[in-house]
Every structure is written in structure tokens, then in C-alpha cells.
Amino acid sequence: MTTTMTARPSLYTTTIGRKVLMAGSGAFILLWVTAHMLGNLKVWLNRPEFDSYAHFLRRMLSPPFPNTWVLWIIRILLIAAFAVHVYFAITLGLRSRAARVSRYEYTDHVQADPAALTMRWGGLTLAAFIIFHLMMFTWGWIHPGYSFDKADPYHNVVGAFGEWWMVVIYAVALFALAMHVYHGFWSVFQTLGLNNRRWDRVIRVWATGASVFIFLGFISIPIGVAAGAIS
Ligand code: HEM
């Protein structure tokens, strides 16, 4: 008698499982990004409000938790979500490329899907931006024309956007973020099988609303500083 061993399909190995993990990690990151944007809008109030918000982040639930513990739990979850998101973005990309290659005789002229290209290049732009952003506001390694003060994020934000090219870098990154959020919404609904005519308008409205909301919330800050409304 012979027994055949077949690998059980799992969340990590099936295309649908991987898409669910991408959507879940993406949703968690989006939730954090939205909270970050809303918190940052306090810069429009005044220096003490904004700085006390940054201090609140470090002292969340303290006591009973020691200072920065909750912040570190969120950071670890965020890093894990980024790792999952990037890993499955790469492996799903390679898988769909392999599927296409085997279907066509020649590979040089395979038509690139514009949404997939936007996600790939936009994702790479965002990854580069996040490193750049941490170097500016978290580690204080990049601070053109001002001195970095870890205890005074308001001062750092106003200092950073005193340079016009910094406003341009942020505008480009935030546009990439908005496009990423827009297409991300689409892929989630596609995975759920809801991309039919009935849902088309609803998805379009939600995707546009979410990406415009995030873009305008963030971009108001560099523009507010550059225009002298935040100083
Ligand atoms: C105009 C737009 C933005 C402003 C003014 C801004 C401002 C800041 C500031 C001041 C900090 C340092 C907080 C502190 O440690 O005291 C920070 C941290 C951070 N920002 Fe932003 N941010 C912006 C957009 C973004 C975007 C679009 C992303 C992600 C896509 C992002 C991701 C992060 C991350 C991951 C951290 C590190 C958080 C931590 O230390 O745990 N930021 N941001």
C-alpha cells in the first residue's frame, strides 16, 4: 500500500493566502499612517501641543508600563508588518512574472500592467522615503539649515520645511503614498471578488477619499511651514 504526501495549502503558500497577509499588513500600516497624520496635524495648533503629543507617544500607558514600552510594541508590530508586506509583494510579483513567462513564447515584449508598475516603483519610493524620514526626524542625521533637537520635534519640522527642496521631496513621497493607498484598496477588493460593476463606484469613492485625505493632511504641514503659517 502506498501513501501520497501532498503539502497542505496554507496562508503562506497559496496566492490567495499571501494576498490576505499583504492586505492585513497593509491595513495595519495604513491605520498607523492615518494616526501619524492626525497626530502631526497638531503642529497647526502650537509648539507645546505638538511637542506634548510626541512626549505622550513615549509615555503611553505609563504607568503601569515603563516609559516607551508601548511605543516599542507598536514599533515592533510596524516593522513586522513592513517585513510581511515587502516579502509577499516581492514573492507575489515573482510568481505572477513566472506565470506570464510560461504562458508566452518570448518575454521581452510582455506588456507591463500600469497598476503593478505603480505599486512596485511607488513601494520602492516609499521605502527610500521612510529611511530618509527616520534619518531626519527620528535619528537627526539630516538637518539642513537647522540644528536637530530630539526633545523639540516642532522645531525640527519647522526647520526642515524651511528648505524648498525638502517640500518637493515630501510632496513626491506623499503622492507615491496616495497612489499606493489608492491601488492597495483596489487589490483588496479584487481579492475579495467585489470588483464588479455594482461595487465599482463604492470602491472608487473610498479609494479616492482615503488617498486624498491622507495626502492633504500630510502635505498641509510642509506647505504650511513654507508659506509661513506654521513658524
Ligand atoms: C509631512 C509629513 C510628515 C511629518 C511632518 C512627519 C513628522 C514626523 C516626526 C516629527 C517624527 C518623529 C517623532 C518623534 O520621535 O518625536 C516622525 C516619525 C516617523 N514618521 Fe513621520 N511625518 C510625516 C510623514 C510620514 C509618512 C508619510 C510616513 C510613512 C509612510 C511616516 C513615518 C514615520 C515613522 C515610521 C516614524 C518613526 C516613528 C517612531 O519613532 O516610532 N511619516 N514623523
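Residues numbered from 1 in each chain as written. Predicted model: local features only at pLDDT ≥ 70, side-chain atom pairs only at ≥ 80, totals over all residues.

Student: Explain the site of the ligand to me, please; I cannot follow it from the model alone.
Tutor: The local shell around the ligand holds 18 residues, among which Ala 54, Phe 137, Pro 153, Phe 218 and Ile 221 are the closest. Counting only elements with at least two residues in the shell around the ligand, the list comes to α1 (15-40), α4 (114-138), α5 (153-160), α6 (164-191) and α7 (197-226). (Near = placed C-beta within 6 Å. Helix = DSSP H or I, 4+ residues; strand = E, 2+ residues; numbered from the N terminus.)

Student: Mind showing me how you'd approach unusual backbone geometry here?
Tutor: Both trends apply: most residues other than glycine have a negative phi, and most peptide bonds are in trans. A cis amide bond links Ser 62 with the next residue in sequence, Pro 63, at an omega value of -15 degrees. Across the junction of Pro 63 and Pro 64, the peptide omega takes the value 10 degrees, indicating a cis bond. Of note in this structure, Leu 61 is not a glycine but carries a positive phi near 55 degrees. Along the chain, Leu 61 turns up in the loop between α2 (47-58) and α3 (69-103). Judged by the 12 C-beta atoms lying within 10 Å of it, Leu 61 falls in the exposed class. (Buried ≥ 20, exposed ≤ 12 C-beta atoms within 10 Å, placed from the backbone.)

Student: How do you make sense of the packing of α4 against α6 when you look at a structure like this?
Tutor: The relative placement of two packed helices comes down to the angle between their axes together with the axis-to-axis distance. Contact geometry of α4 with α6 gives a least axis separation of 9 Å together with a crossing angle of 135 degrees. Considering the angle they form, α4 stands oblique to α6. At the point where α4 passes α6, the crossing takes the left-handed sense. Contacts between α4 and α6 pair Ala 115, Thr 118, Met 119, Gly 122, Gly 123, Thr 125, Leu 126 and Phe 129 from the former with Ala 173, Ala 176, Leu 177, Met 179, His 180 and His 183 from the latter. Per-class residue counts for the contact of α4 with α6 are eight nonpolar, six polar and no charged. (Axes fitted to C-alpha atoms, helices over the stretch in contact; angles between N-to-C directions. Parallel < 35°, antiparallel > 145°, perpendicular 65-115°, else oblique. Left-handed = near helix turned anticlockwise from the far one by under 90°. Contact = placed C-beta atoms within 7 Å. Nonpolar A, V, L, I, M, F, W, Y, C, P; charged D, E, K, R; others polar.)

Student: I keep staring at the environment of Pro 153 and nothing clicks. Help me out?
Tutor: Looking at the element boundaries, Pro 153 is found in helix α5. Distance in space between the C-alpha atoms of Pro 153 and Arg 47 is 8.7 Å, their sequence separation being 106 residues. Filtering out sequence-adjacent residues up to four positions away, Pro 153 remains in contact with Phe 50, Asp 51, Ala 54 and Phe 137.

Student: What's the story with the packing of α1 against α7 in this structure? I'm lost.
Tutor: Remark: α1 packs on α7, axes separated minimally by 9 Å, with the N-to-C direction vectors making an angle of 40 degrees. Here α7 runs oblique to α1, going by the angle between their axes. Remark: the crossing between α1 and α7 carries left-handed chirality. Counted together, Val 33, Thr 34, Met 37 and Asn 40 of α1 and Ile 214, Gly 217, Phe 218 and Ile 221 of α7 form the full contact between these two elements. Its residues assigned to classes, the contact of α1 with α7 comprises five nonpolar, three polar and no charged.

Student: Help me out: how do you make sense of the nonpolar core in this one?
Tutor: A general feature of soluble globular proteins is that nonpolar side chains tend to end up buried together. Within the largest apolar cluster, 21 residues are counted, with the highest numbers of intra-cluster contacts made by Val 43, Val 157, Ala 178, Val 181 and Ile 214. Of all the secondary-structure elements, those providing two or more residues to this core are α5, α6 and α7. Considering each element in turn, this core owes the most residues, nine residues, to α6. Filtering out sequence-adjacent residues up to four positions away, Val 157 remains in contact with Val 43, Ile 221 and Val 225. (Core = buried A, V, L, I, M, F, W, Y, C linked by C-beta atoms within 7 Å.)

Student: Even after reading the chapter, I still don't get α5, so can you show me in this structure?
Tutor: Think of an α-helix as turning once every 3.6 residues; residues three or four places apart then point the same way. The element α5 is extensively covered by neighbouring structure, given that six of its eight residues are classed as buried. Within α5 the residues assigned to the buried category are Pro 153, Tyr 154, Asn 156, Val 157, Gly 159 and Ala 160. Along its buried surface, α5 packs onto α2, α4, α6 and α7.

Student: It is not clear to me how α6 should be interpreted in this structure. Could you clarify?
Tutor: For α6, spanning 28 residues, the distance from its first C-alpha to its last is 41 Å, which sits close to the expected 40 Å at 1.5 Å a residue. Listed as buried for α6 are Tyr 170, Leu 174, Leu 177, Ala 178, His 180, Val 181, Tyr 182, Gly 184, Phe 185, Val 188 and Phe 189. Phi turns positive one or two residues past the end of α6, at Gly 193, with a value near 75 degrees. (Expected span 1.5 Å × (residues − 1).)

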